[in-house]
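Residue strings, one per chain:
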Amino acid sequence: MTPHRPTSVPAPPLLDLTGLTRRYGSLTAVDDVTLRLPAGARHAVIGPNGAGKTTLLNLIAGTDRPDRGTIVLDGADITRTATARRSRLGVARSFQQPSVMAELTVLDNVVLAGWSHHPARQGAWRSPSRLRRHTESAGRHLEAVGLADLAHQPASVLSHGQRRLLDLAAALAGDPRLLLLDEPAAGLTDGDIGRLLGVLGGLPESVAIILVEHHVEVVAQLATTVTVLAAGRVLVTGPVQEALAHPEVREAYHSTGAKG
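None of these values were measured; they are calculated from a predicted model. (Residues numbered from 1 in each chain as written. Predicted model: local features only at pLDDT ≥ 70, side-chain atom pairs only at ≥ 80, totals over all residues. Heavy atoms only, no water.)

J.: Looking at this structure, how should I read the overall build of the protein?
T.: Counting secondary structure elements, the protein contains ten helices and ten strands. For the protein, the residues scored as buried account for 49% of the 260 residues in total. Across the protein, every contact between residues at least 6 apart in sequence was considered, and the portion connecting residues at least 24 apart equals 66%. When the accessible area of the protein is evaluated, it comes to approximately 12,700 Å², of which 52% is carbon and sulfur surface. (Helix = DSSP H or I, 4+ residues; strand = E, 2+ residues; numbered from the N terminus. Buried < 20%, exposed > 50% of the residue type's maximum accessible area, 1.4 Å probe, protein only. Contact = heavy atoms within 4.5 Å. Areas by Shrake-Rupley, 256 points an atom, 1.4 Å probe, with all protein chains shown as cover.)

Quick look at the structure:
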C-alpha cells in the first residue's frame with residue numbers, strides 16, 4: 001500500500017494584483033494588469049516609454065488609485081489604503097527623481113525616513129535610546145550605499161547619482177517587505193551601478209523587489225522574473241532570459257533605443 005503523502009499547499013503571494021486598470025481621460029495607462037509575486041521576489045517591469053511602468057508602481061505604492069481592480073498585500077486588500085499606511089505595512093518606494101530633503105544632512109534624510117515607520121513615532125523623539133538606534137541604523141544604510149563619508153553634509157551637495165543612492169538608503173530605512181524601484185540606475189556611473197547591484201543583491205530573501213529599469217544588464221543581473229508592458233497591458237511574464245529573448249519583447253522594447 002502506497003503511503004499517503006500530504007499535498008503541499010503553495011504559500012500565498014506577498015503581492016497580488018488583479019485586473020488593475022488606471023485611466024487618465026481617454027488614455028488607459030495601466031490596462032487589466034494581473035500579477036502575483038511571492039515573498040522575496042526579484043521581479044523587473046520593462047517596456048517602452050509610455051508603457052505604464054511608473055503608473056503601475058504608483059498604484060502599488062498608493063500615490064495613485066486604480067479605476068478598477070484590486071491590490072492585495074500579504075492577504076490584506078490595500079486597494080484604497082493611504083500611502084502612509086502602506087508604508088508602515090512594509091511598502092517602500094524610490095522615484096525617477098530622487099525624493100531628497102536638500103536642506104537636511106544626508107544622515108538626517110535617512111533617519112527621518114526610518115522614523116516615519118516607527119509604531120510610536122509621535123512621541124519616540126523624546127527617547128534618546130531610540131534616536132540613537134535609528135541614527136546607527138541610518139549610518140549602516142549610508143555605508144552600504146557608499147555615502148557614509150558624506151553623512152553630515154547637507155544633501156544639497158550631492159550629485160544626481162549620489163541623490164539616487166540616498167533615495168535608496170531612505171527607502172531601505174523602513175525595513176520594507178516590498179521595495180519598489182523606479183529606474184534606480186539612471187544617471188549612475190558604472191561604479192555606482194556596481195554598488196547598487198551589491199546593495200540590492202545583499203538584501204534579505206524576505207524582501208521582494210519590483211524593479212522598473214531601462215538598463216537591460218541591471219535587469220539581467222538582479223531579476224529572476226520579468227513582466228513586459230506595452231501600451232499598459234502585460235505582453236509577457238516569465239523567467240528573465242526567456243522574457244528578454246521573446247520576439248515581441250525585442251520589437252516592443254529593444255527597438256525603442258533603451259540602454260543595454
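J.: Please clarify how the nonpolar core should be interpreted in this entry.
T.: What tends to happen in soluble globular proteins is that the nonpolar side chains get buried as a cluster. Formed by 49 residues in total, the largest nonpolar core has its most connected members in Leu142, Leu166, Leu168, Leu179 and Leu200. If one sorts the elements of this core by residue count, helix α6 (residues 160-172) sits on top with seven residues. If we ignore the near neighbours within four places in the chain, the residues touching leucine 166 are Val100, Val106, Asn109, Val110, Leu142, Leu147, Ala155 and Leu158. (Core = buried A, V, L, I, M, F, W, Y, C linked by side-chain atoms within 4.5 Å.)

J.: In this structure, what is going on with the environment of histidine 141? I would like to understand it.
T.: With respect to the secondary-structure elements, histidine 141 resides in helix α5 (residues 128-144). For the pair histidine 141 and alanine 169, spaced 28 residues apart in sequence, the C-alpha to C-alpha distance is 5.4 Å. Leave out the neighbours within four places in its chain, and histidine 141 touches Val110, Ala169, Leu172 and Ala173.

J.: Is there a simple way to explain empty space enclosed by the protein in this structure?
T.: Think of a ball as big as a water molecule: rolled over the atoms, this probe shows where empty space is left. Tallied over the entire structure, the rule returns one cavity of 30 Å³ or more. Approximately 40 Å³ is the volume found for the largest cavity. Around the largest cavity sit Ser94, Phe95, Arg164, Asp167, Leu168 and Pro184, which together line it. When its residues are assigned to classes, the lining of the largest cavity shows three nonpolar, one polar and two charged. (1 Å grid on protein atoms, 1.4 Å probe; cavity = no way out; pocket = protein on both sides within 12 Å on 5 of 7 lines; lining within 4 Å. Points joined across faces, edges and corners; volume = space filled by probe spheres on them. Nonpolar A, V, L, I, M, F, W, Y, C, P; charged D, E, K, R; others polar.)

J.: Would you mind showing me how to read the sheet that holds strand β1 (residues 15-24) here?
T.: Across a sheet, paired strands are connected by hydrogen bonds in the backbone, their directions being either parallel or antiparallel. Spatially, β2-β1-β4-β5 is the arrangement adopted by the four strands of the open sheet, whose pairing is antiparallel. Two strands bound the open sheet, and with one partner strand each, they are β2 (27-37) and β5 (76-77). Relative to strand β4 (residues 68-73), β1 is paired through five bridges, and the arrangement is antiparallel. Looking at β4, one finds that leucine 17 is bridged to isoleucine 71. Of the strands in this sheet, β1, β2 and β4 touch helix α1 (residues 53-61), which is tilted by about 120° from β1. (Pairing = 2+ DSSP bridges. Axes fitted to C-alpha atoms, helices over the stretch in contact; angles between N-to-C directions.)

J.: Sorry if this is basic, but what is going on with the pattern of salt bridges here?
T.: When charged atoms on two side chains of opposite charge get close, those side chains can pair. Tallying each qualifying case throughout the model produces six salt bridges. Of the charged contacts, one joins aspartate 67 and arginine 22 as a salt bridge, the two residues approaching to 3.4 Å between their closest N and O atoms. Separated by 45 residues along the polypeptide, aspartate 67 in the loop between α1 and β4 and arginine 22 in strand β1 bring together distant segments of the chain. One network of salt bridges, in which partners are shared, links Arg22, Asp64 and Asp67. (Salt bridge = Lys/Arg side-chain N within 4 Å of Asp/Glu carboxyl O.)

J.: Please explain the packing of aromatic side chains as it appears in this structure.
T.: Centre-to-centre distance and the angle between the planes together describe a pair of aromatic rings. Following the criterion strictly, the structure yields zero aromatic pairs and no others. One Lys or Arg, arginine 22, reaches over the ring of tyrosine 24 and ends 4.4 Å from the middle of that ring. (Phe/Tyr/Trp six-rings, centres within 6.5 Å; stacked < 30°, edge-to-face > 60°. Lys NZ or Arg CZ within 6 Å of the ring centre and 35° of its normal.)

J.: Help me understand the packing of helix α3 (residues 106-115) against α6 in this model?
T.: The relative placement of two packed helices is expressed as an angle between their axes plus a distance between the axes. Running from N to C, α3 and α6 cross one another at 30°; their axes reach a closest spacing of 7 Å. As far as their axial angle goes, α6 and α3 are roughly parallel. Crossing handedness for the pair α3 and α6: right-handed. Side by side, α3 and α6 meet where Val106, Asn109, Val110 and Ala113 of the first sit next to Leu166, Ala169 and Ala170 of the second. (Parallel < 35°, antiparallel > 145°, perpendicular 65-115°, else oblique. Left-handed = near helix turned anticlockwise from the far one by under 90°.)

J.: Sorry if this is basic, but what is going on with the confidence of the model for the protein here?
T.: Detailed reading of predicted coordinates is not advised where the pLDDT is low. Per-residue confidence for the protein gives a mean pLDDT of 87, with 88% of residues at or over 70. Per-residue pLDDT, averaged within each element of the protein, yields its smallest value for helix α4 (residues 121-124) (52) and its largest for β4 (98). The model gives residues 256-260 a pLDDT under 50, and that stretch makes eight contacts with residues more than four places away or in other chains. (pLDDT = per-residue confidence, 0-100.)

J.: I keep staring at the pairing of β2 and nothing clicks. Help me out?
T.: Looking along a regular strand, one sees side chains alternate from face to face of the sheet. Alignment of β1 against β2, held across seven bridges, turns out to be antiparallel. Pairing of aspartate 16 across the sheet is with arginine 36, part of β2. Joining the antiparallel neighbours β1 and β2 is a turn of two residues, in which glycine 25 adopts a positive phi near 65°.

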